[in-house]
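# Structural characterization, general
Spelled out, the chains give:
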Amino acid sequence: MEPVVHENAAAAKRLAELALTAGDLIGALIGADQEARTWTPLAPPMMAGLARWGKTNELLRARLVERGWSHDNPKGLPRTISPARDFAIVATTGDAVTGYPGGSPSTKYAKGIQTVRAIGRNFHQLAFDFSGLSTGEDFWATGVDRDDLATWLLLYHVTPDQVRAELSLANGIDRRGHVSKWIERIILPALRTDECS
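First, a word on scope: everything that follows refers to the structure included in this document. (Residues numbered from 1 in each chain as written. Predicted model: local features only at pLDDT ≥ 70, side-chain atom pairs only at ≥ 80, totals over all residues. Heavy atoms only, no water.)

A tally of helices and strands in the chain yields five helices and eight strands. Listing every helix and strand of the chain by position from the N terminus yields β-α-α-α-β-β-β-α-β-β-β-β-α. Burial statistics for the chain: of 197 residues in total, 48% are counted as buried. (Helix = DSSP H or I, 4+ residues; strand = E, 2+ residues; numbered from the N terminus. Buried < 20%, exposed > 50% of the residue type's maximum accessible area, 1.4 Å probe, protein only.)

The next thing to look at is the nonpolar core. Of all hydrophobic cores here, the largest spans 26 residues; its most connected members are Leu20, Ile89, Trp152 and Leu167. Residue assignment for this core shows that the elements contributing at least two residues are helix H1 (8-17), helix H2 (22-36), helix H3 (47-64), strand E4 (87-93), strand E5 (150-158), strand E6 (162-173) and strand E7 (179-187). Contact partners of Trp152, with chain neighbours within four places excluded, come to Arg14, Leu18, Phe87, Ala88, Ile89, Val90, Leu167, Ser168, Leu169, Glu184 and Ile186. With 11 residues, the next largest nonpolar core counts Leu77, Val90, Leu155 and Ala170 among its residues. (Core = buried A, V, L, I, M, F, W, Y, C linked by side-chain atoms within 4.5 Å. Contact = heavy atoms within 4.5 Å.)

A few words now on the pattern of salt bridges. Tallied over the entire structure, the rule returns 11 salt bridges. In this structure, the salt-bridge partner of Asp24 is Arg63, at a minimum N-O distance of 2.7 Å. Remark: Arg63 occurs in helix H3 and Asp24 occurs in helix H2; sequence separation between them is 39 residues. Judged by its relative accessible area of 39%, Arg63 is partly exposed. The salt bridge partner of Glu166 is Arg185, with a shortest N-O separation of 2.7 Å. Residue Glu166 is found in strand E6, and its partner Arg185 is found in strand E7; the two are separated by 19 residues along the sequence. (Salt bridge = Lys/Arg side-chain N within 4 Å of Asp/Glu carboxyl O.)

Below, the discussion takes up unusual backbone geometry. Notably, Asn8 is not glycine yet its phi reads approximately 50°, a positive angle. Counting through the fold element by element, Asn8 comes out in helix H1.

With that settled, consider H3. Over its 18 residues, H3 extends 26 Å from the first C-alpha to the last, a length consistent with the 26 Å expected when each residue adds 1.5 Å. Within the span of H3, buried status applies to Ala51, Arg52, Thr56, Asn57, Leu60, Arg61 and Leu64. Those residues of H3 that are buried lie in contact with H2, strand E2 (70-72), strand E3 (79-81), E4, E5 and E6. (Expected span 1.5 Å × (residues − 1).)

For the rest of this paragraph, the subject is the environment of Lys55. By the element assignment, Lys55 lies in helix H3. Expressed as a C-alpha distance, the spacing of Lys55 and Glu35, which sit 20 residues apart in the sequence, is 7.1 Å. In contact with Lys55, other than residues within four places in its own chain, are Gly31, Ala32 and Glu35. A polar side-chain atom of Lys55 sits 3.0 Å from a polar atom in the side chain of Glu58. (Polar contact = N/O pair within 3.5 Å; in protein donor to acceptor, adjacent residues only side chain to side chain.)

What follows covers the packing of H2 against H3. Two elements in contact, H2 and H3, have axes separated by 8 Å at closest approach and are oriented at 145°. Handedness of the crossing formed by H2 with H3: right-handed. Where H2 approaches H3, its residues Gly23, Asp24, Leu25, Gly27, Ala28, Leu29, Gly31, Ala32, Asp33, Glu35 and Ala36 are matched on the opposing element by Ala48, Ala51, Arg52, Lys55, Thr56, Leu59, Leu60, Arg63 and Leu64. Looking at the contact of H2 with H3 residue by residue, the classes come out as 10 nonpolar, four polar and six charged. (Axes fitted to C-alpha atoms, helices over the stretch in contact; angles between N-to-C directions. Left-handed = near helix turned anticlockwise from the far one by under 90°. Nonpolar A, V, L, I, M, F, W, Y, C, P; charged D, E, K, R; others polar.)

On to the pairing of E5. Most of E5 sits out of view: eight of its nine residues are buried. Summarising the sheet, E5 and E6 pair through seven bridges and their orientation is antiparallel. Bridged to Trp152 within E6 is Leu169. Count of turn residues in the E5/E6 antiparallel hairpin: three residues. (Pairing = 2+ DSSP bridges.)

Below you can see the structure in the form of structure tokens.
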């Protein structure tokens with residue numbers, strides 16, 4: 001089944017239904033881009049990407065907690081939680097087709113068990129049969145927070161001249177461990193990196 005894709009006015013309308021604006025997400029992405037660019041080639045190679053990931057999640061929280069959102073970090077997964085506690089947002093790096101409406105994006109890197117569990121809750125909420133999904137352990141094993149939050153991913157992809165992003169609800173992880181199947185995708189306007197500085 002193809003995901004529902006929202007663009008332009010439809011994207012703004014769908015974000016409003018989630019108590020969000022494009023500015024909420026774009027503001028976090030701009031601030032994170034500025035942070036990532038402070039790291040020079042003298043720093044360890046992973047630092048710019050790590051700083052971007054951390055700052056995106058931090059700035060999203062900073063903006064939304066003022067409007068009644070909350071946050072937690074179950075086993076290191078940085079969730080920003082809606083006021084109604086019915087869904088959470090986690091920012092993460094997407095691949096090169098992130099932000100393209102006709103594309104089929106995936107996360108850039110394989111995800112850990114906590115993200116697998118979070119995506120599994122998306123299955124559970126929609127009454128999908130995910131019994132064939134093998135995670136190497138019981139999906140609801142000990143130590144899992146047993147809330148019913150759906151998890152949306154704020155996927156972003158950075159090129160030398162732009163940042164592309166989307167807020168998307170996943171329903172599948174491929175054999176490599178990349179989140180790669182989607183129920184719904186909300187495409188954000190691309191940002192030119194010269195606008196971020």
